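Residue-level listing of the chains:
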Amino acid sequence: MLRLTEIKLPLNHDEKALTAAILSKLQINAEQLHSFTVFKRGFDARKKTDIQLIYTLDLEVENEAQLLATFASDQHVKPSPDTSYKFVARAPAELAERPIVIGLGPCGLFAGLLLAQMGFKPIILERGKEVRERTKDTFGFWRGKALNPESNVQYGEGGAGTFSDGKLYSQVKDPKHYGRKVMSEFVAAGAPEEIMYVSKPHIGTFKLVAMVEKMRAKIIELGGEIRFSSKVEKLHIDNGQLTGLTLASGEQLHSKHVVLAVGHSARDTFQMLYDQGVHIEAKPFSIGFRIEHEQSMIDECRFGPNAGNPILGAADYKLVHHCSNNRTVYSFCMCPGGTVVAAASEPGRVVTNGMSQYSRHERNANSAIVVGIDPERDYPGHPLAGIALQRQLEEQAFKVGGESYHAPAQLIGDFLKGRASAGLGEVKPSYTPGITLTDLTQVLPDFAIAAIREAIPAFDRQIKGFAKADGLLTGVETRTSSPICIKRGSDYQSINVRGLYPAGEGAGYAGGILSAGIDGIKVAEALALAMLDADSAT
Ligand code: FAD
């Protein structure tokens, strides 16, 4: 197959234009072009009145070798790389032991799926409930019912990204095309085909829920086992070698091969790991607020007269500002046409995040606007000090919000002028169970408030209206990434506990659904190869 890149066509081009562009680029006739597929489709919206679609195409053509020779010096005409996934191992018919995966978020899901596909029949332990039960608990909390600390936005089947925008892109280097494996498994589980080729794919909450169920069924069909309400409370470590674990129920399981994919919110589990001597280091993360504007304003600013075009969908943005106080403020986890959600997993604490449905049809755009912080400057002295800081900020937000899980909020105009808000404008808050209008300077450190105050007007220069007075800030955003890193070596095992494979976002090796899935694949491969080695040594 032959790959063509950078084929540019106007946004509203007709169907035949793509074929015509291929023929014209390669100087061939229609008979020589047997077929083609779109590998990627992005767009360039820098000129709003002339938005261009940019295609990467894979072609079956006559005389491929000859064409490649003719275009040898053209970097946009090359052989298509093989992006298909190849398993690295196959389990023996008689397994000496079964690997265990702790956590059924995207990382644990893909680690478990890959191990099952290779024949290793993993046991997957998830502290939360299966996804439908979990949905009831989570949506119940958003409607004002009590928070269930074991079944919420962070915990349960599907992990933290289940009730999300389902953005599926990442900046991780992926030379082995593991991301394609993640995407193709998602499509097999019911995700829209377009996620394979659009440049910024997303799935949305309800589709994710159904997909997670299908992937669970596949793992079970392949001999895997999934246990819900199974919180791991203790590891068995014998002379630096993991030998098994104990569940909250008291049950003990034995395995020398355990994937630890517990996400960034498993604070009690991090404490347990630290107490048991697993090597943990503090790492940087970010703190801030969710910002809400009307989506129509963002669409208009990004796409001008093409706002609302279904190919473009709801517009997103990505913003960065380096502040005079040496801090960096940036937008994170932007959710076009979505809602701000209550993302708490611990009683007496308030934390925000964002989600949307596949349609992205809600009235507001939301995004985290956060300030980077690091252990050296902001929480020195202890590997878990970042968690203590998160808890302190989330507790303060709970207090200022009125101790009812309402989130403290402030109009942008009031925030910039340094006065408490008393009433809403055009932008209606989407956060449930509700907001408490207040003065947000009470909930973040002074340096963070100063940095965000400086950044918002700077962002307004890129997106006109970003600083509009009745836009809304809701807080606090504290879980942009893990505050710790559970160090692992090049064999993917903990640097001081053999057989323990720290993985995914919680361990500091991923940030988002796609990269967590990719890390799950990498770790499953390393674990499978290590199990085969151990097997052949006995
Ligand atoms: P997690 O998904 O956190 O999964 C860890 C799992 O481990 C959990 O299910 C937890 O219950 C379980 N667990 C924890 N401790 C134990 C224990 N002791 N025993 C047993 N089980 C345990 N990312 C994107 O890429 N795109 C988005 O649009 C997006 N939106 C988001 C919206 C929201 C509301 C949230 C909260 C997150 C969002 N993210 C998004 C981030 C994304 O969800 C995470 O990066 C991703 O889920 C991390 O995957 P993971 O498998 O490493 O961890």
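Relative to the elements of secondary structure, histidine 76 occurs in the loop between α2 (64-70) and β4 (77-79). Along the chain, histidine 76 and arginine 3 lie 73 residues apart, while their C-alpha atoms are 7.6 Å from each other. In this view, histidine 76 contacts Arg3, Leu4, Thr5, Glu6 and Lys25; residues no more than four positions away in its chain are not counted.

Here we take up the sheet that holds strand β15 (residues 328-335). Paired through backbone hydrogen bonds, the strands of a sheet run either parallel or antiparallel to each other. Taken together, seven strands build an open sheet; the order of strands is β14-β15-β18-β13-β21-β19-β20 and the sheet is mixed. The sheet is open, and its two edges are formed by β14 (320-322) and β20 (435-437), each paired on a single side. The sheet shows a mean angle of 30 degrees between the axes of neighbouring strands, taken without regard to direction. Seen against the sheet, helix α12 (residues 446-460) touches β13 (285-294), β14, β15, β18 (364-373) and β21 (472-477) and runs at an angle of roughly 130 degrees to β18.

Under the domain assignment, the protein is made up of domain 1 (2-76), domain 2 (100-281 + 483-537) and domain 3 (284-477). In this structure, domain 1 and domain 3 have C-alpha centres spaced 40 Å apart. Each side of the interface is counted separately: domain 1 has nine residues, and domain 3 has ten residues. For the pair domain 1 and domain 3, the summed buried area comes to about 790 Å², and 64% of that belongs to carbon and sulfur atoms. When the buried area of domain 1 at its contact with domain 3 is split by residue, Leu11, Phe43 and Lys48 rank highest and sum to 57% of it. Where domain 1 packs against domain 3, one counts zero salt bridges. Inspection of the domain 1/domain 3 interface yields three residue pairs in polar contact (both at pLDDT 80 or more).

Definitions and limits used
- Residues numbered from 1 in each chain as written.
- Predicted model: local features only at pLDDT ≥ 70, side-chain atom pairs only at ≥ 80, totals over all residues.
- Heavy atoms only, no water.
- Helix = DSSP H or I, 4+ residues; strand = E, 2+ residues; numbered from the N terminus.
- Contact = heavy atoms within 4.5 Å.
- Pairing = 2+ DSSP bridges.
- Axes fitted to C-alpha atoms, helices over the stretch in contact; angles between N-to-C directions.
- Domains from an automatic or database assignment.
- Buried area = accessible area lost by both parts, 1.4 Å probe.
- Salt bridge = Lys/Arg side-chain N within 4 Å of Asp/Glu carboxyl O.
- Polar contact = N/O pair within 3.5 Å; in protein donor to acceptor, adjacent residues only side chain to side chain.

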